[in-house]
Amino acid sequence: ARIHLRSHLLSLGELEIASYSNGNELKNALRTQSVDVVLSDFHLGQHKNGVEWIRTLQKSGLLKPSTGILFITSDQTPQTIGQIIDLQPDFLIIKPYTIRSIKQVLSQYLAIRKVSIGALNAIDSGDYNAALKEVDALLAAPKYERISIHLLKLKAKILLRLTAYDAAMALYKSRPTKTYHLI
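A. Just the pattern of salt bridges, in detail. Per the stated rule, a full pass over the model turns up 5 salt bridges. Between Asp41 and Lys95 there is a salt bridge, and its shortest N-O distance comes to 2.7 Å. In this pair, Asp41 sits in strand β1 (residues 37-41) while Lys95 sits in the loop between β3 (91-94) and α5 (99-115), placing the two residues 54 residues apart along the sequence. Overall, Lys95 belongs to the partly exposed group, its relative accessible area being 27%. Note that Lys157 is salt-bridged to Asp90, the shortest N-O span being 4.0 Å. A residue pair is termed long-range when its members are at least 10 positions apart, and Lys157 in helix α8 (residues 148-161) and Asp90 in the loop between α4 (78-86) and β3 qualify at 67 residues. A relative accessible area of 23% means that Lys157 is categorised as partly exposed. Note on Asp90: relative accessible area 17%, which makes it buried. Linked through salt bridges whose partners overlap, the residues forming this network are Asp36, Lys64 and Arg113.

Cut-offs and rules
- For every chain, the first residue of the written sequence is number 1, and numbering continues from 1 onward in sequence order.
- Reporting in this predicted model follows two pLDDT cut-offs: at least 70 for local features of residues, and 80 or more for side-chain atom pairs to be given and counted; totals over whole chains, interfaces and linings ignore these cut-offs and use all residues.
- The basis for every side-chain value is the complete set of non-hydrogen atoms in the structure, without hydrogens or water.
- What counts as a salt bridge is simple: a side-chain nitrogen of Lys or Arg found within 4 Å of a carboxyl oxygen of Asp or Glu.
- The helix count covers DSSP runs of H or I at least four residues long, the strand count covers runs of E at least two residues long, and both are numbered beginning at the N terminus.
- Relative accessibility under 20% of the residue-type maximum defines a buried residue, over 50% an exposed one, and the middle range a partly exposed one, all with a 1.4 Å probe and only protein chains included.

Structure, rendered in structure tokens:
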């Protein structure tokens, strides 16, 4: 399924797509290269689930703070969905999915990433105040209203990094309840 999905995603255009059969392979690859997006299943076997692997990679500094996280799962139990949402992925895709829906989600994520690249670069360099200004400017622009929920989520992540917990919580509470796209 992983190889099949990779071959279809290559048709999206100028993307370098690597595929790994387990978390250890990804961890080893990240020692020499960085990635902008990780697409992971929840159930990976080998003693760790996808959430545990992402947390391990984040804590070890192998994933940039701006790395996009997209999860796929067929497990709709509250415990699994809760673990994934606690990680704050950019998108959550529920199986069964179609190749078309995966392509749409990835295209949407890449478009959002392109718009917010200034803020993402500032996050990676640790300049959270600059990142916050970038996101606020995007939120003020009417042409980005369509992706405002994603920009608000990014702003909340930045506020958490600034330890502005009350402001981040207020932002999370003020958002519409449809935060994740369940496909």
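After that view of the structure, there is still more to cover.
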